[in-house]
Amino acid sequence: MKQSVFLGTLAAATLFAGVAMAQGTSTLDTVKARGELNCGVNTGLVGFAAPDASGNWQGFDVAVCKAVAAAIFGDASKVVYIPTTSSDRFEQLTSGKIDFLVRNTTWTFSRDTDLKMDFVGVNYYDGQGFMVRKDLGVSSAKELNGATICIQTGTTTELNLADYFKANNMAYTAVPIETNAEGEQQYLAGACDAYPTAATGLAATRAAFADPDNHIILPEIISKEPLGPAVRHGDSAWGDVIRWTMNALVAAEEFGITSANIDELATSSQNPEVQRLLGSSDNLGAMIGLDVEWAKNAIKASGNYGEIFAATIGESTPIGLARGLNAQWTQGGLLYTPPFR
């Protein structure tokens, strides 16, 4: 029944998209006419997307939303943050309730093809791990045979877990959960022995505990989890806006462009690629329906990729993540963008 409802929603969304194209409209036109961006984010994951005590959304993924809004409107505040769960996030995207999804979502074959989404890049290279209470006496995931495990349904975690336990001839009992907050509650209440999710999510979850030192993240990383924003399948012009905004944040770090020096470099840099990126020469923005200073505005919203990482999830934050694979390619990481020309 759930599949039929989903397919019906997908068909309706596809029909709507076809009508919109026939009328010469686009997602970018729709967003501009609305005057704000509807950004699909997590229901609440500290460091990535969560409202603070004043109700203002903060985090690594939130910064992407702000950058896109700034690229479009020249104003990073023109965003409506729409919380999505692991089970409803794709329907919210295909139905048009959100303009794009940036919610710790793994780029997979089936999501790209069968669910008809287009991933526009990777903003974080991650992998799945396990968290357990220290007093459980476990030091390896291979000691979890017979464990009770809280699992967010509709996630790659669910599939990775089944594969890992089968490959290691182990058994487990699943406790289905809907959101990270529910997972925390169940895990802390003792309803499950272990909580698996992407290692970034585990670090963020543990950092929010009253007693983080009493919980350990096991050393095994059992999957590849390239996380990135997604748009509706076939919405390539809109995908270009999200993709190149994200690329601008990464390229800015490579070129040494920061929120502090960006105005100076816009007028003084002799690097032709920096000049094009910041709108000092050429007009790359016109090619994707944006202002000449679209990238400059996006970078000024929260800083370059490195600044965003350091402020939201880096080693000096409670999350405490090292750059690792998410370092620039010049520093042994995987961050790399095509040329801006």
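Quick caveat, the model's predicted, so the values are computed rather than measured.

Engineer: What am I meant to see in the pairing of strand β1 (residues 37-42) here?
Structural biologist: The two faces of a sheet get side chains in turn, since along a regular strand they alternate between them. Of all 6 residues in β1, 6 are buried; the element is thus mostly enclosed. The pairing of β1 with strand β4 (residues 79-84) spans 6 bridges and is parallel. Residue pairing across strands places Cys-39 opposite Tyr-81, the latter belonging to β4. Judged from the 2 bridges that link them, β1 and strand β5 (residues 100-101) form a sheet pairing that is parallel.

Engineer: How should I be thinking about the packing of aromatic side chains in this particular structure?
Structural biologist: We describe a pair of aromatic rings using the distance from one ring centre to the other and the angle between the two ring planes. Applying the stated criterion across every chain, the model contains 15 aromatic pairs. Arranged with centres 5.8 Å apart and planes meeting at 75 degrees, the rings of Phe-48 and Phe-60 form a pair that is edge-to-face. Pair noted here: Phe-48 is in the loop between β1 and β2 (50-51) and Phe-60 is in helix α3 (residues 60-73), with a separation of 12 residues, a long-range link. Phe-60 gets classed as buried once you look at its relative accessible area, which sits at 2%. The residue whose ring lies beneath Arg-133 is Tyr-187, and the NZ or CZ to ring-centre distance is 5.1 Å. The aromatic ring of Phe-309 is capped on one face by Arg-323, whose charged end is 5.2 Å from the ring centroid.

Engineer: Quick question: what am I supposed to make of helix α8 (residues 199-207) here?
Structural biologist: Because an α-helix packs 3.6 residues into every turn, residues spaced three or four apart end up facing the same way. Among all positions in α8, only Thr-200, Gly-201, Leu-202, Ala-203, Ala-204 and Thr-205 are buried. Looking at the buried side of α8, the elements it contacts are β7 (124-126), β8 (128-133), α7 (180-188), β11 (194-198), β12 (215-217) and β13 (225-227).

Engineer: Please clarify how the side chain of Lys-296 should be interpreted in this entry.
Structural biologist: Take Lys-296: it is sitting in helix α12 (residues 294-302). Classification of Lys-296 by relative accessible area gives buried; the value is 11%. Residues within four places of Lys-296 in sequence aside, it is in contact with Ile-262, Asp-263, Ala-266, Leu-277 and Leu-278.

Engineer: Looking at this structure, how should I read the state of the cysteines?
Structural biologist: In a disulfide, the sulfur atoms of two cysteines are covalently bonded to one another. For the structure on display, the rule yields 2 disulfides. The side chain of Cys-39 participates in a disulfide bridge whose partner is Cys-65; the two sulfur atoms lie 2.0 Å from each other. Here the disulfide of Cys-39 and Cys-65 is left-handed, its torsion about the S-S bond being about -65 degrees. Of this pair, Cys-39 sits in strand β1 while Cys-65 is found in helix α3, placing the two residues 26 residues apart along the sequence. Each member of the pair Cys-39 and Cys-65 is classed as buried. Disulfide pairing places Cys-150 opposite Cys-192 at an S-S distance of 2.0 Å. Residues Cys-150 and Cys-192 share a disulfide whose torsion about the S-S bond is about -100 degrees; that sign makes it left-handed. Of this pair, Cys-150 sits in strand β9 (residues 147-152) while Cys-192 sits in the loop between α7 and β11, and the two are 42 residues apart along the sequence. Classification of Cys-150 as buried rests on a relative accessible area of 0%.

So, how was this worked out
- Residues numbered from 1 in each chain as written.
- Predicted model: local features only at pLDDT ≥ 70, side-chain atom pairs only at ≥ 80, totals over all residues.
- Heavy atoms only, no water.
- Buried < 20%, exposed > 50% of the residue type's maximum accessible area, 1.4 Å probe, protein only.
- Helix = DSSP H or I, 4+ residues; strand = E, 2+ residues; numbered from the N terminus.
- Pairing = 2+ DSSP bridges.
- Phe/Tyr/Trp six-rings, centres within 6.5 Å; stacked < 30°, edge-to-face > 60°.
- Lys NZ or Arg CZ within 6 Å of the ring centre and 35° of its normal.
- Contact = heavy atoms within 4.5 Å.
- Disulfide = S-S within 2.5 Å.

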